[in-house]
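Observations on the three-dimensional arrangement
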Amino acid sequence: MRAVDISAVKQPTRRPAPQNDPLRWWRESRFGMFIHWGLYAIPAGVWQGQRVPYIGEWMMFREKIPVATYAALAAQFHPRHFDAAAWVRLAKQAGMRYLVITAKHHDGFAMYRTSVNRYNVVDATPWHHDPMVDLARECRRQGVRLCFYYSQDLDWHHPDGAWNDWDYPAAAKNPARYLREKVKPQLRELLTRYGPVGMIWFDTPLTLTKAQSASIRRFVKKLQPRCLVSGRIGHGLGDYNLPRDNFLPPGRLEGDWETCATLNHTWGFKTHDHEWKSAENLITTLVDLVSKGANYLLNIGPDADGVVPAPSVQRLRAVGAWLERNGDAIYGTSPSPFRNEFSWGRITTKGRRLFLHFFSAPPKIFHLHGLRTRVRTARALGDARRAFATRQTTDAATGLPILAIDFTGLRFRAPVTVVALD
Ligand code: FHN
């Protein structure tokens, strides 16, 4: 093991960001809410009486549902319980600082008012309502950053969009026309009608060329220069990296990363997916990701009435309660100065402070090997009176520094307790 000094750790993306760096808010936020909501919430994972095993929002593709049959679902979309204030409040309660909602997923249906075609939540449903107006207002009011998911490549509704070859022959597709007639006009609407947008969360770059992706990026930046572009614009053109869904990195990452993840196994609502990750799992994952330099974008899939599944609400509130006590060790932090993972937990840093996140109670005398920085105090986070005795020595055999902290008498709160060193 190499000894580290927290002030000397190379943290390429953690350099003090200039005030005007558009990534600054995103790096500081660390935790966001992903929302997958669309027509797929109506069949909710059941097609022709059969429960489907795959992610709910892929039903149109997996069943090769003709455009006209799928579009007919819109006549049933009338979410009487939709409450933008409550959704944004839930994000706040969970400690999430940004919200990314599906403005258009792969099914091509716009969940906002678009003038591009009538295939949208205002013109095609009995609801006749644009939920993005409410969400934009509530995000502004409650201080959460609004971001839009937009499927720029796959579009199973547009004749020139990628991957619907059961309605439209692949050979006749003209992607340039799709970009010109749908993608760019819709992005213009999203970026000019709802106020400042934190990010356009592009997804699944599968068929567009580098030049096409670059032209989408330029288009976004021209309309809102501070709006971020997610890594899945493809071709390395994003403002940050987005690995595969539910990715848990094995060690510290270089650069800016985000892991997007499900709470159960689907993104879009399914009636029969009840395998929820526990609150402990979510907190541990948040800590793990942040200690490695990644953001955590965690998904909810509201049902067709606009109701967020109760198990999602319970779990998000539990994470929020933990963040309420321990948020100082998450928001605005830098990754662990150590490359390796520890079996006892994880480390985050902020300035000269080092946060030790224990996944279970440590021994009464806890040893941290390899920290060269002098430690003045060690105390339980949020409890300045609670100081622990520390001792720094050098291991005679390896020459490595050893920090010993005496936790005698500390009752560790489940699932983890954070200790700050400065
Ligand atoms: O195909 C999509 C999927 O439906 C979902 O939107 C996820 C979220 O990251 N992205 C794609 C798969 O990676």
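The structure presented is a predicted model; accordingly, all values stated were derived computationally and were not measured.

1. Considering the site of the ligand
Looking at the ligand, there are 14 residues lining it, with His36, Glu57, Trp58, His106 and Asp203 nearest. Separating a nitrogen atom of the ligand from a side-chain N or O atom of Asp203 is a distance of 2.6 Å. Side-chain polar atom of Asp245 to an oxygen atom of the ligand: 2.8 Å apart, as the coordinates give it. Isolated, the ligand exposes 330 Å² of accessible area, and the fraction of that covered by the protein chains is 90%.

2. A look at helix α5 (residues 131–142)
Look at α5: 16 Å from first C-alpha to last across twelve residues, which is about the 16 Å you get at 1.5 Å a residue. Burial in α5 covers these residues: Pro131, Met132, Asp134, Leu135, Ala136, Glu138, Cys139 and Gln142. Against α4 (84–94), β4 (98–104) and β5 (145–150) lie the buried residues of α5. Sitting at the amino-terminal end of α5 is Asp130, which places a side-chain oxygen 2.8 Å from the backbone nitrogen of Met132. The first or second residue beyond α5 is Gly143, which carries a positive phi of 75°.

3. Concerning the sheet that holds strand β13 (residues 378–380)
The strand order β10-β11-β16-β13 describes an open sheet built from four strands, whose pairing is antiparallel. Of all the strands in the sheet, just β10 (345–350) and β13 have a single pairing partner and so form its edges. Taking each pair of neighbouring strands and ignoring which way they run, the sheet shows an average axis angle of 25°.

4. Brief notes about the sheet that holds strand β1 (residues 31–35)
Within a beta sheet, neighbouring strands are joined by backbone hydrogen bonds and run either parallel or antiparallel to one another. The strand order across the open sheet built from seven strands is β7-β6-β5-β4-β1-β9-β8, with neighbouring strands paired in parallel fashion. Looking at the sheet topology across the chains shown, the edges are occupied by β7 (228–229) and β8 (257–261). The pairing of β8 with strand β9 (residues 294–300) spans five bridges and is classified as parallel. Residue pairing for β9: Cys260 is matched across the bridge by Leu297. Against the sheet, helix α6 (residues 175–193) engages β4, β5 and β6 (199–202), with an angle of about 170° to β5.

5. A short note on the packing of helix α8 (residues 279–291) against helix α9 (residues 310–326)
Running from N to C, α8 and α9 cross one another at 50°; their axes reach a closest spacing of 9 Å. Our classification of the angle between α8 and α9 gives oblique. Once α8 is placed against α9, the crossing between them reads as right-handed. Along the contact surface, α8 presents Ala279, Leu282, Ile283, Leu286 and Val287, while α9 presents Arg315, Ala318, Val319, Trp322 and Leu323. A breakdown of the residues in the contact of α8 with α9 according to their chemical character gives nine nonpolar, no polar and one charged.

6. Points about the packing of aromatic side chains
Taken as a whole and judged by the stated rule, the model has 33 aromatic pairs. Plain terms: the ring middles of Phe61 and Trp166 are 5.8 Å apart, the flat faces sit at 70° to each other, and that makes the pair edge-to-face. Of this pair, Phe61 sits in helix α2 (residues 59–62) while Trp166 sits in the loop between β5 and α6, and the two are 105 residues apart along the sequence. Pairwise contacts between aromatic rings join Phe338, Phe342, Trp344, Phe358, Phe366, Phe388, Phe407 and Phe412 into one cluster.

7. Examining the domain arrangement of the protein
The domain architecture assigned to the protein consists of domain 1 (31–329) and domain 2 (334–421). One C-alpha centre belongs to domain 1, the other to domain 2; they are set 38 Å apart. Counting from both sides, the interface comprises 19 residues of domain 1 and, opposite them, 20 residues of domain 2. Together, the buried faces of domain 1 and domain 2 total about 1700 Å²; carbon and sulfur atoms form 56% of this surface.

8. Digging into the pairing of β5
Of all six residues making up β5, five are buried, and the element is well covered by its neighbours. With six bridges joining them, β4 and β5 adopt parallel strand pairing. Following the sheet pairing, Tyr98 is matched in β5 by Arg145. The parallel pair β4 and β5 is bridged by α5, and the resulting crossover is right-handed. With three bridges connecting them, β5 and β6 associate as parallel partners. When the sheet's bridge partners are listed, Phe148 is paired in β6 with Ile200. A crossover connection joins β5 to the parallel β6 through α6; in handedness this β-α-β unit is right-handed.

9. A short note on the pairing of β8
In summary, the side chains of a regular strand alternate between the two faces of the sheet. Summarising burial for β8: five of the five residues are buried, a large majority. Residue alternation in β8 divides its side chains into two sets, Trp257, Thr259 and Ala261 and Glu258 and Cys260, and both sets are buried.

10. Things to note about the pattern of salt bridges
With the rule as written, the count across this model stands at 23 salt bridges. Between Arg252 and Glu254 there is a salt bridge whose closest N-O contact spans 3.8 Å. Looking at Arg252, the relative accessible area reads 13%, which means it is buried. Relative accessible area serves as the criterion here: at 33%, Glu254 is assigned to the partly exposed category. Between Asp328 and Arg353 there is a salt bridge, with the nearest N and O atoms lying 2.8 Å from each other. Pair noted here: Asp328 is in the loop between α9 and β10 and Arg353 is in strand β11 (residues 353–358), with a separation of 25 residues, a long-range link. When salt bridges that share partners are traced, they join Asp134, Arg137, Glu138 and Arg141 into one network.

Reading the values: the criteria
Residues numbered from 1 in each chain as written. Predicted model: local features only at pLDDT ≥ 70, side-chain atom pairs only at ≥ 80, totals over all residues. Heavy atoms only, no water. Near = heavy atom within 4 Å. Polar contact = N/O pair within 3.5 Å; in protein donor to acceptor, adjacent residues only side chain to side chain. Areas by Shrake-Rupley, 256 points an atom, 1.4 Å probe, with all protein chains shown as cover. Helix = DSSP H or I, 4+ residues; strand = E, 2+ residues; numbered from the N terminus. Expected span 1.5 Å × (residues − 1). Buried < 20%, exposed > 50% of the residue type's maximum accessible area, 1.4 Å probe, protein only. Contact = heavy atoms within 4.5 Å. Pairing = 2+ DSSP bridges. Axes fitted to C-alpha atoms, helices over the stretch in contact; angles between N-to-C directions. Parallel < 35°, antiparallel > 145°, perpendicular 65-115°, else oblique. Left-handed = near helix turned anticlockwise from the far one by under 90°. Nonpolar A, V, L, I, M, F, W, Y, C, P; charged D, E, K, R; others polar. Phe/Tyr/Trp six-rings, centres within 6.5 Å; stacked < 30°, edge-to-face > 60°. Domains from an automatic or database assignment. Buried area = accessible area lost by both parts, 1.4 Å probe. Right-handed = clockwise from strand over helix to strand, strands pointing away. Salt bridge = Lys/Arg side-chain N within 4 Å of Asp/Glu carboxyl O.

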